[in-house]
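Summary of structural features
The residues making up each chain are set out below.
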Amino acid sequence: MGRGKRGRPRAAALRRKRATAAVERLSEILKSPWSHSEASVTQASKQMWSIGQRHRIGLHSDHRIWICRGCKGPIRPGITARIRIRNGRRITTCQTCGRISRRGPDFPKR
Ligand SMILES: [Zn+2]
């Protein structure tokens, strides 16, 4: 929580902007996990999640599909997660915590 001083929208906007930039940087790691160590990829996804929570900016839907909602770990098809498409639905099973998430039929296609 803050220190009781409120009403500085510019400062808040700046903080949020920095948070967004940080998330952007972390998402680069998630997009090319093969060029980073296992530990830093896991760290990146957990940090992205907590930044999104802390600044209430949430997670961009492009990023959200790469982070497990159960353990906040990275979803890496074939490595930490199994992804199957059935009837236009995407079924993701996290191999770390076993959480299954289903999306669709309107899951992001990009
Ligand atoms: Zn998980």
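Criteria and cut-off values
Residues numbered from 1 in each chain as written. Predicted model: local features only at pLDDT ≥ 70, side-chain atom pairs only at ≥ 80, totals over all residues. Pairing = 2+ DSSP bridges. Helix = DSSP H or I, 4+ residues; strand = E, 2+ residues; numbered from the N terminus. Axes fitted to C-alpha atoms, helices over the stretch in contact; angles between N-to-C directions. Buried ≥ 20, exposed ≤ 12 C-beta atoms within 10 Å, placed from the backbone. Core = buried A, V, L, I, M, F, W, Y, C linked by C-beta atoms within 7 Å. Contact = placed C-beta atoms within 7 Å. Expected span 1.5 Å × (residues − 1). Arc of directions from axis to C-beta. Parallel < 35°, antiparallel > 145°, perpendicular 65-115°, else oblique. Left-handed = near helix turned anticlockwise from the far one by under 90°. Nonpolar A, V, L, I, M, F, W, Y, C, P; charged D, E, K, R; others polar.

Glancing now at the sheet that holds strand β1 (residues 81-86). Strand order in this open sheet of three strands is β1-β2-β3, and the pairing throughout is antiparallel. Where the open sheet ends on each side, the last strands, each with one partner, are β1 and β3 (100-103). With strand direction ignored, the average angle separating the axes of adjacent strands in the sheet is 15°. Pairing of β1 with strand β2 (residues 89-94), which is carried by six bridges, proceeds in the antiparallel orientation.

Once that is clear, we can look at the environment of valine 23. Position of valine 23 relative to the elements: it lies in helix α1 (residues 9-31). Using a count of 21 C-beta atoms within 10 Å as the deciding quantity, one classes valine 23 as buried. Valine 23 sits 28 residues away from isoleucine 51 along the chain, and the two C-alpha atoms are 7.3 Å apart.

Another aspect to go through is the nonpolar core. Counting 13 residues, the largest nonpolar core has Leu26, Ala44, Met48, Ile67 and Ile75 as the members making the most contacts within it. At four residues, helix α2 (residues 38-54) tops the list of elements feeding residues into this core. The residues touching isoleucine 75, leaving out its near neighbours within four places in the chain, are Trp66, Ile67, Cys68, Thr80, Ala81, Thr92 and Cys94.

Attention now moves to unusual backbone geometry. Even without a glycine there, the phi angle at lysine 72 is positive, about 60°. Position of lysine 72 among the secondary structure elements: in the loop between α3 (61-64) and β1. In this model, asparagine 87 sits at a positive phi of 50°, which is unusual for a non-glycine residue. In this structure, asparagine 87 sits in the loop between β1 and β2.

Between its terminal C-alpha atoms α2 stretches 24 Å, which fits the 24 Å expected from 17 residues at 1.5 Å a residue. Looking only at α2, the buried set comprises Val41, Thr42, Ala44, Ser45, Met48 and Trp49. The buried residues of α2 occupy one face: seen down the axis, they fall within an arc of 160°. In α2, the exposed positions that point more than 90 degrees away from the buried face belong to Ala39, Ser50, Gln53 and Arg54.

This part is about the environment of histidine 60. Residue position: histidine 60 is located in the loop between α2 and α3. When the C-alpha positions of histidine 60 and glutamate 24 are compared, they lie 9.7 Å apart, and in sequence the two are 36 residues distant.

Moving on, we get to the packing of α1 against α2. Running from amino to carboxyl end, α1 crosses α2 at an angle of 150°, the nearest separation of the two axes being 9 Å. The angle between α1 and α2 falls in the class roughly antiparallel. Note that α1 runs across α2; the crossing there is left-handed. For the pair α1 and α2, the contacting residues are Ala19, Ala22, Val23, Leu26, Ser27, Ile29 and Leu30 in the first and Ser40, Val41, Ala44, Ser45, Gln47, Met48, Ile51 and Gly52 in the second. For the contact of α1 with α2, a count of residues per class yields 10 nonpolar, five polar and no charged.

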